[in-house]
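# Inside the fold
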Amino acid sequence: MDYKAKWMEGNGPESAIVVSTRVRVARNLAGVPFPGTMNEIQAQGVIATVEAQQGVLEDMHVQRMAELSQVDRLALVEKHLISLDLANKSDGAVAISSDQAVAIMVNEEDHLRIQCLLPGLQLEQAWETASRYDDLLEAEIPFAFHEEYGYLTACPTNAGTGMRASVMLHLPALVGSGHVGKVLAAIGQFGLMARGIYGEGTQAVGQMFQISNQVTSGLPEEEIIRNLRGVVEQIVAQEKAHLKKMTATSRLQVEDRVFRSIGLLSNVRLLSTNEAMSLISDIRLGVAADIIDLSPGLLCQLMVLAQPGVLQKECTESLDSQQRDVKRAEILSKRLKQALRGGNI
Amino acid sequence: MLCEECKAQQATVHYTQVVNGEKTEMHLCEDCAKARSDIDILGFPGTGFNINSLLAGLMNFEHGPTPAKLRAEACSTCGADYNRFTQSGRLGCADCYKTFAKQISPLLKRIHGTTAHHGKVPSKGAKEISRKRRLTNLKLEQRAAVESEQYEKAAELRDQIRKLELDGQ
Ligand SMILES: [Zn+2]
Ligand SMILES: [Zn+2]
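This text gives an overview of the structure that appears in the document. Quick caveat: nothing in here was measured; it's all calculated off a predicted structure. (Residues numbered from 1 in each chain as written. Chains lettered and ligands numbered in written order. Predicted model: local features only at pLDDT ≥ 70, side-chain atom pairs only at ≥ 80, totals over all residues. Heavy atoms only, no water.)

### Here we look at the overall build of chain A
Filter applied, for reference: The way it works is that DSSP assigns letters per residue, a run of H or I at least four long becomes a helix, a run of E at least two long becomes a strand, and they are numbered from the N terminus. Burial classes: relative accessible area under 20% of the type maximum marks a residue as buried, over 50% as exposed, and values in between as partly exposed (1.4 Å probe, protein chains only). The Shrake-Rupley method, run with a 1.4 Å probe sphere, supplies the accessible areas, and residue values consider only the shown protein chains as cover. For this count, His and the chain ends are skipped, Lys and Arg are scored as positive, and Asp and Glu as negative. Taken as the charge centre is NZ of Lys, CZ of Arg, CG of Asp or CD of Glu, depending on the residue.
Assigned secondary structure in chain A consists of 11 helices and 10 strands. The buried share among the 345 residues of chain A stands at 60%. When the accessible area of chain A is evaluated, it comes to approximately 12900 Å², of which 49% is carbon and sulfur surface. Side-chain charges in chain A split into 32 positive and 41 negative, and the spacing between the mean points of these groups amounts to 8 Å.

Below, the structure is given as structure tokens:
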């Protein structure tokens, strides 16, 4: 399956609640202006420098944005392998590993953004992988570095380690009990920040949150990661406690919500991205609460398949918005029914 | 970044709220976020919200307007002036950190609590690999220059090679 990034396998630790882990490291080439000020020739030079490292980058494949179709670029954004900013830059590129766990964005805000994305809670592993690619490249390309400030980045908020580690969490029980605001607000004292993600229009959907380090300097990377993991583990424990309380006091209502969503998603004929995200969120709740046995990986894949770009890639002809809703309903219901029939995928 | 409500504490909770199709972003401190139970948490994958773009506001907010003389001061390496930085929150090149050290240093301190990096540093091994590689390339170039009787160029390359060899000792 071309649309499957490594994190979408959904098989990491705590994967019923922790959707994915990302660590990215920002680096700039010494002696070249940052992407915001460099000219076209310098931009092409940076891409050529990365392409010339094909030997050290092992199984990685460099693709230029200018050579990818709009649908291909959108699909990479939906798989979280590149940012929307990069997708819109004609002088950008990305190098992706064959297992789609590592993606190096070229000429985004910084020359290089080395990222590793893994399923579940795997912060140490993601850092080690990103750091290894950093070492490989550093042996070939001198990076902008300041003895006091550390690695230099276009924006001073990334300077120092250049590292941003983040974890995507699904927190329906904390949202349902109204405690999510309090829990997320408390993480600030640990130098972390929280952000709600996914959603469109006027309703909240998905119940997904991203927790990441706010501070990128003053501490070794390992310590930043340890802090983040400690806090994430506590949030996961809180979510589990609220899930337990929820199923203890209103088991029937929770089961109804889960199976109602399964019924809808297996039978709809028209399905928008938003509705899909909210149904998938309910089913994920059922998995986290041990109400139904489906793999978190299936839910990650459904979540990404619900997005317009990846969906469009699955079809041969180009679709308008209603045709997309038809196709989305068809693909998602088929995959869910298969999984329900055959046990786990 | 300071909390939008009390304007006193560091903002650590960032919300994107959409009401009737209008998007607003909120940046609150722990206390103010706790006090607001009505917050509807939403967001958009990959769009809009960016902590960096808010830097500019932070700088102006804390220091008042930047003096015109400083605004026009430009980095001699990349040509980007300080005004561009206050507006975009982005520096033009690595040398901008030196050009605007007086302003960047306190800013880094406000963002990270310190200016001193304690993490990974470019490894000696990596530097050595790249030095040797450059040396090999320069020697090849030097030989080619001699063969094509470009003696001036060859002499220049010889000096570069000597310098690189000294770096390794
Ligand atoms: Zn406040
Ligand atoms: Zn500069």
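### Examining the overall build of chain B
The number of helices and strands found in chain B is 8 helices and 2 strands. Along chain B, helices (α) and strands (β) appear in the sequence β-β-α-α-α-α-α-α-α-α when read from the amino end. Counting only residues that meet the buried cut, chain B has 38% of its 169 residues in that class. Split by element, the accessible area of chain B, about 9700 Å² in all, is 51% carbon and sulfur.

### Let's talk about the packing of aromatic side chains
What counts, and what does not: Note on aromatic pairs: the rings of Phe, Tyr and Trp (six-membered ring only in Trp) are paired at centre separations within 6.5 Å, and the planes decide the class, stacked below 30 degrees, edge-to-face beyond 60, tilted for the rest.
A full pass over the atoms with the stated rule returns 4 aromatic pairs over all chains. Centre to centre, the rings of Tyr149 of chain A and Tyr97 of chain B are 6.0 Å apart; their planes meet at 50°, and the pair counts as tilted. Note that Tyr149 of chain A is positioned in the loop between strand E6 (145-146) and strand E7 (150-151) and Tyr97 of chain B in helix H5 (residues 96-99), a pairing that runs across two chains. The class of Tyr149 of chain A is buried, set by a relative accessible area of 5%.

### A few points about the coordination of the zinc ion (ligand 2)
Our working definition: Donors, by definition, are the N, O and S atoms found within 2.8 Å of a metal, the threshold being 3.2 Å for Na, K and Ca, and water is not counted, so a site can look incomplete. Angle rules define the geometry names used: all angles between 85 and 135 degrees makes four donors tetrahedral, while opposite donors over 155 degrees apart and all other angles between 65 and 115 make four donors square planar and six octahedral, leaving every other case irregular.
The coordination sphere of the zinc ion (ligand 2), as far as protein atoms go, consists of Cys75 of chain B (SG), Cys78 of chain B (SG), Cys93 of chain B (SG) and Cys96 of chain B (SG), spread over 2.3 to 2.4 Å. Coordination geometry of the zinc ion (ligand 2): the 4 donor atoms subtend angles of 100 to 122° at the metal centre, consistent with an arrangement described as tetrahedral.

### Considerations on unusual backbone geometry
Residue and element names in this part refer to chain A. In the Ramachandran plot, Glu14 falls in the positive-phi region, its phi being about 55° despite a non-glycine side chain. Mapping Glu14 onto the fold places it in the segment before strand E1 (18-27). Of note, the phi angle at Gln100 is positive, near 55°, even though the residue is not glycine. Counting through the fold element by element, Gln100 comes out in the loop between strand E3 (93-96) and strand E4 (102-106).

### Remarks on the pattern of salt bridges
Residues and elements named next belong to chain A. Applicable threshold: Salt bridges are defined as contacts in which a side-chain nitrogen from Lys or Arg sits within 4 Å of a carboxyl oxygen from Asp or Glu.
Under the definition given, this model contains 21 salt bridges over all chains. A salt bridge links Arg257 to Asp282; the nearest nitrogen and oxygen atoms lie 2.9 Å apart. Of the two residues, Arg257 sits in helix H7 (residues 221-267) while Asp282 sits in helix H8 (residues 273-288), which places them 25 residues apart along the sequence. Exposure remark for Arg257: the relative accessible area of 28% places this residue in the partly exposed category.

### Re the pairing of strand E8 (residues 163-170) of chain A
Residue and element names in this part refer to chain A. Counted only if it meets this: Strands qualify as paired when DSSP identifies two bridges or more between them.
With 8 of 8 residues buried, E8 lies mostly within the body of the structure. Where burial is concerned, the two faces of E8 agree: the one with Met163, Ala165, Val167 and Leu169 and the one with Arg164, Ser166, Met168 and His170 are both buried. When E1 meets E8, the two strands line up antiparallel, connected through 7 bridges. In the sheet register, Val18 faces E8, and the bridge partner there is Leu169. Alignment of E8 against strand E10 (residues 208-213), held across 5 bridges, turns out to be antiparallel. For His170, the partnering residue across the bridge sits in E10 and is Met208.

### Section: the packing of H7 of chain A against helix H11 (residues 321-341) of chain A
Describing two packed helices takes the angle between their axes plus the distance from one axis to the other. Residue and element names in this part refer to chain A. Using the following cut-off: Angles shown run from 0 to 180 degrees and are taken between the N-to-C directions of axes, each axis being a line fitted to C-alpha atoms and, for helices, limited to the stretch in contact. Angles below 35 degrees are treated as roughly parallel, those above 145 as roughly antiparallel, those between 65 and 115 as roughly perpendicular, and all remaining angles as oblique. Two residues qualify as a contact provided that any one of their heavy atoms is within 4.5 Å of a heavy atom in the partner residue. Here the nonpolar group is Ala, Val, Leu, Ile, Met, Phe, Trp, Tyr, Cys and Pro; Asp, Glu, Lys and Arg are the charged ones; every other residue, Gly included, is treated as polar.
Contact pair H7 / H11: the axes reach a minimum separation of 7 Å and the direction vectors enclose 125°. As judged from the angle between their axes, H7 and H11 are oblique. For the pair H7 and H11, the contacting residues are Ile262, Leu265, Ser266 and Asn267 in the first and Leu332, Ser333, Leu336, Lys337 and Leu340 in the second. Across the contact of H7 with H11, the residue classes break down as 5 nonpolar, 3 polar and 1 charged.

### What about the state of the cysteines?
Residue and element names in this part refer to chain A. Applied cut-off: Here, a disulfide means two cysteine sulfur atoms that sit within 2.5 Å of each other.
The full count for this structure, using the stated rule, is 0 disulfides over all chains. You can see Cys300 has no disulfide; the closest cysteine sulfur is in Cys116, sitting 15 Å from it. Using a relative accessible area of 1% as the deciding quantity, one classes Cys300 as buried.

### Quick look at the nonpolar core
Convention followed: As used in this record, nonpolar core signifies buried Ala, Val, Leu, Ile, Met, Phe, Trp, Tyr and Cys residues forming a set joined through side-chain atoms within 4.5 Å.
Core analysis: the largest hydrophobic core is formed by 109 residues, its most contacted members being Ile104, Leu169, Ile235 and Leu332 of chain A. If one sorts the elements of this core by residue count, H7 of chain A sits on top with 13 residues. Ignoring anything within four residues of it in the chain, the contact list for Ile235 of chain A reads Leu169, Leu171, Leu174, Val183, Leu184, Ile187 and Ile211 of chain A. The next biggest cluster of nonpolar side chains, apart from the first, holds 22 residues, and it includes Leu70, Cys78, Ile104 and Leu107 of chain B.

### Some remarks on the environment of Glu40 of chain A
Its place among the elements puts Glu40 of chain A in helix H1 (residues 40-51). When the C-alpha atoms of Glu40 of chain A and Asp91 of chain A are compared, they prove to be 7.4 Å apart, with 51 residues separating the residues in sequence.

### Details of the environment of Lys334 of chain A
Relative to the elements of secondary structure, Lys334 of chain A occurs in helix H11. The sequence separation of Lys334 of chain A and Ser266 of chain A amounts to 68 residues, and the corresponding C-alpha distance is 6.9 Å.

### Focus: H7 of chain A
Keep this limit in mind: Each helix should span, by expectation, one fewer than its residue count multiplied by 1.5 Å. At any given residue, the bend is defined as the angle formed between two axes, one fitted to the seven residues that end at that position and one fitted to the seven that begin there.
With 47 residues, H7 of chain A should cover 69 Å at 1.5 Å per step; its first-to-last C-alpha distance of 47 Å lies more than 12% under that length. Its axis deflected by about 110° at Ser250 of chain A, H7 of chain A carries its strongest bend there.

### What about helix H8 (residues 151-167) of chain B?
All names here are of chain B. As a reminder of what qualifies: In this context, the arc is that of the directions from the helix axis out to the C-beta atoms.
Its 17 residues place the ends of H8 24 Å apart at the C-alpha level, agreeing with the 24 Å of an ideal helix rising 1.5 Å per residue. All buried positions along H8 are accounted for by Ala154, Leu157, Ile161 and Leu164. All buried residues of H8 project into a common sector of 80° when viewed along the axis, lining one side. Within H8, the exposed residues directed more than 90 degrees away from the buried face are Glu152, Arg162, Lys163 and Leu166.

### Remarks on the side chain of Arg22 of chain A
Residues and elements named next belong to chain A. For Arg22, the location among the structural elements is in strand E1. Buried Arg22, no salt bridge; nearest opposite-charge side chain is Glu108, N-O distance 8.7 Å. Beyond its immediate chain neighbours, meaning those up to four positions away, Arg22 contacts His80, Gln115, Cys116, Leu117, Arg164, Ala165 and Ser166.

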